[in-house]
Amino acid sequence: MVLKSKTDYNGRYNYGGCILPRKSFFALWSQYRAYFVITISLFICVVSFQNCTPQLDLEEDGSGENASLSDTTPFAFDISIDHFALMTCNTAGLSHKFQDGKFTYKWGAYQNGMATPGRAGLKFSDQFMSRYGGNVPAKIFTVLDDSEKNKNLEIASGLYVARGYKGRKGFDTPEYRSEHSRLQVNSFFMDLSLNKNKTLAHFPDMPISSVLNRTIEGVMFRRTLANENVMTGSYIDEFTATINFDRLNTYPVGIGFGHASVLAKDEAKSLISENGGYSNESAVGRSYLPQFTGVRSSHVRYLSGIRESSMDGKNLSASWGCPTDLRLKIVQRKDIEANRISTCRPSLISASDLARQDRRGKALRSIANILDLTVWEVGLDLNDSRNNCIVKRSQNDADSCYDAKYNPYLNDAGRFEQKPVVRVDYSNTQSICGSSNPIRNEPRVAGGKVFETFYMCPHYVSICVKYN
């Protein structure tokens, strides 16, 4: 039935037999005021409650709430590593990374091998997680892209000292160079959002595109020989002289962040601070100070420890070890073939070797993180680590690690001295290369002509890992 309206004799509305009084608004307000007040009060309370509650689901258009959050967003990232390696071969003249399988320092966050898993990598900073109560905002991409301090970041490293974060050592000279393949932080946004406060490790085979790289590792080259007359001594080798002259015991490797545009045009590789600016005084990141040792104090050859600290000067409780299983003597293949060393037994490393879950498998995974196994064969002796070694795979690959011109000694007069005939003292005591005079008169072959033969200490790769 359709209700039709008509007016009765008293001026009341009649809707299909339902009689309603005809009154003004004010008359109705007076009669139903209490109901109006309650309804309006409830509406105001609901709206006020919504406005006063933190909104982590950000606006879609990137305006308003997004802008205010981005302006107050802390620096969002933290980075740490769990492998740090030293190779003592001279790398002078190397023009790009991993040329000839060599480096001076190499570092990375791998979360495998002999390192404790989950203790290193890229993650959201504690300040960032605290800002959002431990919950990553739903529109994390918008927040970070609208935050000047957090967008378009890359990971950078170099030799930095405290209160010197606007320039790495050697940036204006060819002394040291770092290579990274442009480690973009934004390529990890999705992983970080999904994993929240977990660290993300090295993704060696997962580049997102040709311009984004997901390898959390870096390599550094020592590009020149140490200057002559840097010190006097009794046949101190060039690598040891470099450590002393360049004070590498006081120059830690700093790993931090910078805007891609700044890093691209700034050879100094300035590191960003928490407020998004660049200052000598402060930077976000970690520093890793290597400690060196060797069989002889005049011939430094491998790492004995790593001291990790934050760049704000706070000490960290990180625990590092440099196990002897990861200390590898570099041996020339021709010396194996000439029976000058019998304890080095190198072999190709297979996938099944790397998959082992025992001590050997863990050691080999750490070695594979650092060394290019297409270049090197590995000899791993778990019963006597002094026999551990690596050898170039190609028999025709000239090994400049022992080239005489790259391995001069500083003699008593403090001058570099070279000899045309070079041999390596592979013995565990390294008695010849550690003596006051490493030059012997010997024939190149038995019964042959005698030449001045220059004995040097073997070079090493040594790898330290983070335990906690």
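Structure: see above.
Keep in mind it's a predicted model, so treat the numbers as computed, not measured.

Chemist: I keep staring at the overall build of the protein chain and nothing clicks. Help me out?
Modeler: Of the regular secondary structure elements, the protein chain holds ten helices and 25 strands. Within the protein chain, buried positions represent 48% of all 468 residues. Look at the contacts in the protein chain between residues 6 or more apart in sequence, and 70% of them connect residues 24 or more apart. As displayed, the protein chain has an accessible area near 22,800 Å², and 50% of this comes from carbon and sulfur atoms.

Chemist: In this structure, what is going on with the pattern of salt bridges? I would like to understand it.
Modeler: Opposite charge on two side chains lets them pair, provided their charged atoms get close. Under the criterion given, the structure shown has 15 salt bridges. Here Glu 281 ties to Arg 163 by a salt bridge, and the two come within 2.3 Å at their closest N and O atoms. On the criterion of sequence distance, the pair formed by Glu 281 in the loop between α7 (260-265) and β14 (285-293) and Arg 163 in the loop between β8 (153-159) and β9 (176-179) is long-range, its members being 118 residues apart. Here Lys 466 and Glu 308 are joined by a salt bridge, their closest N and O atoms 3.3 Å apart. Placement of Lys 466 in strand β25 (residues 460-466) and of Glu 308 in strand β15 (residues 302-310) is noted, with a sequence separation of 158 residues between them. Of the two residues, Lys 466 and Glu 308, both sit in the buried class. Bridged by salt links that share partners, the residues Asp 78, Lys 123, Asp 126, Arg 286, Glu 308 and Lys 466 form one connected network.

Chemist: Please clarify how the layout of surface pockets should be interpreted in this entry.
Modeler: With a probe scaled to a water molecule rolled over the atoms, the places where space remains empty come into view. Roughly 700 Å³ of volume is contained in the largest pocket. Lining the largest pocket are 30 residues, and of these Asp 78, Asp 126, Arg 286, Ser 310 and Leu 316 lie nearest its centre. Residue assignment for the lining of the largest pocket shows that the elements contributing at least two residues are β4 (77-80), β7 (121-124), α3 (126-131), β14 and β15. Among the elements that line the lining of the largest pocket, the one with the most residues is β4, at four residues.

Chemist: Looking at this structure, how should I read the packing of aromatic side chains?
Modeler: Any two aromatic rings considered together are summarised by their centre-to-centre distance and by the angle between their planes. Using the criterion set out here, one finds eleven aromatic pairs in the structure. Seen from their ring centres, Tyr 302 and Tyr 460 are 5.0 Å apart, and the 70° between their planes marks the pair as edge-to-face. Of this pair, Tyr 302 sits in strand β15 while Tyr 460 sits in strand β25; the two residues are 158 residues apart in sequence, bridging distant segments of the chain. This pair shows no difference in class: Tyr 302 is buried, exactly as Tyr 460 is.

Chemist: How should I be thinking about the side chain of Asn 369 in this particular structure?
Modeler: Mapped onto the elements of the fold, Asn 369 is located in helix α10 (residues 359-370). Exposure remark for Asn 369: the relative accessible area of 13% places this residue in the buried category. Aside from chain neighbours lying at most four places away, what touches Asn 369 is His 83, Lys 106, Tyr 110, Asn 112 and Glu 217.

Chemist: In this structure, what is going on with the sheet that holds strand β21 (residues 416-417)? I would like to understand it.
Modeler: Read from one edge of the open sheet, three strands run β12-β20-β21, paired in antiparallel fashion. Two strands in the sheet have a free side with no partner beyond their single neighbour: β12 (236-237) and β21. Where β12 and strand β20 (residues 409-410) come together, two bridges link them in antiparallel fashion. Looking at the pairing, Asp 237 lines up with Tyr 409 of β20.

Chemist: How do you make sense of a nonpolar patch on the surface when you look at a structure like this?
Modeler: There is a patch of nonpolar side chains on the surface, built from Phe 141, Met 190 and Leu 194 and spanning about 320 Å² of accessible area. With respect to the helices and strands, the residue Leu 194 is situated in helix α5 (residues 189-195). For Leu 194, a relative accessible area of 65% corresponds to the exposed category.

Chemist: What am I meant to see in unusual backbone geometry here?
Modeler: Both trends apply: most residues other than glycine have a negative phi, and most peptide bonds are in trans. Notably, Gln 111 is not glycine yet its phi reads approximately 55°, a positive angle. Looking at where Gln 111 falls in the secondary structure, it is placed in the loop between β6 (105-108) and β7. Even without a glycine there, the phi angle at Arg 163 is positive, about 60°.

Chemist: Please clarify how the state of the cysteines should be interpreted in this entry.
Modeler: What makes a disulfide is a covalent bond joining the sulfur atoms belonging to two cysteines. Enumeration according to the criterion identifies three disulfides in this entry. Each sulfur of the disulfide joining Cys 89 and Cys 401 lies 1.8 Å from the other. Taking the sign of the S-S torsion, about -80° here, the bridge from Cys 89 to Cys 401 comes out left-handed. Highlighted residues: Cys 89 in the loop between β5 (83-87) and β6 and Cys 401 in the loop between β19 (389-392) and β20, separated in sequence by 312 residues. No difference in accessibility class separates Cys 89 from Cys 401, as the two residues are buried. Each disulfide pairs two cysteine sulfurs, and for Cys 344 the partner residue is Cys 389, the sulfurs being separated by 2.0 Å. Note on the Cys 344 and Cys 389 pair: the S-S dihedral is about 85°, so by sign convention the disulfide is right-handed. Here the residue Cys 344 occupies a position in the loop between α8 (333-337) and α9 (351-355), and Cys 389 occupies one in strand β19, the gap between them amounting to 45 residues.

Chemist: It is not clear to me how the pairing of strand β17 (residues 327-331) should be interpreted in this structure. Could you clarify?
Modeler: The side chains of a regular strand alternate between the sheet's two faces. Counting buried positions along β17 yields four of five residues, so the element is predominantly enclosed. Note that β17 and β25 share three bridges and pair antiparallel. By the bridge assignment, Leu 328 is partnered in β25 with Val 461. For β17 and β19, the ladder comprises three bridges, and the chain directions are parallel. Counterpart to Lys 329 in the pairing with β19 is Cys 389.

Calculation criteria
- Once a new chain begins, its residue numbering starts again from 1 and follows that chain's sequence as written.
- Per-residue local features are limited, in this predicted model, to residues with pLDDT of at least 70; the limit for side-chain atom pairs, both in listing and counting, is 80 or more; totals at the level of whole chains, interfaces and linings are taken over all residues.
- With hydrogens and water excluded, all non-hydrogen atoms of the structure serve as input to the side-chain values.
- Runs of E in the DSSP output that reach at least two residues are strands. Runs of H or I that reach at least four are helices, and both are numbered from the N terminus.
- The cut-offs for exposure are 20% and 50% of the maximum accessible area for each residue type, with area from a 1.4 Å probe on protein chains only; residues under the lower value are buried, those over the upper are exposed, and the others partly exposed.
- Residue contacts follow a heavy-atom distance rule, with two residues in contact if any of their heavy atoms lie within 4.5 Å.
- For the area figures, the Shrake-Rupley method with a 1.4 Å probe applies, and any residue is considered shielded solely by the protein chains shown.
- Criterion for a salt bridge: a side-chain nitrogen of Lys or Arg within 4 Å of a carboxyl oxygen of Asp or Glu.
- With a 1 Å grid spanning the protein atoms alone, the term cavity applies to any set of points in which a 1.4 Å probe fits but cannot get out, the term pocket to an open set with protein on both sides within 12 Å along at least five of seven lines, and the term lining residue to any residue with an atom within 4 Å of a point.
- Grid points are joined across faces, edges and corners, and a volume is the space filled by probe spheres set on the points.
- Between 30 and 60 degrees the pair is tilted, below 30 it is stacked and above 60 it is edge-to-face, where a pair is any two Phe, Tyr or Trp rings, Trp via its six-membered ring, whose centres lie within 6.5 Å.
- In short, DSSP must find at least two bridges between two strands for them to pair.
- Residues form patches when they are more than 30% accessible in relative terms and have no salt bridge. Like charges link within 9 Å. Nonpolar side chains (Val, Leu, Ile, Met, Phe, Trp, Tyr) link within 5 Å.
- By convention in this document, the label disulfide applies to cysteine sulfur atom pairs within 2.5 Å.

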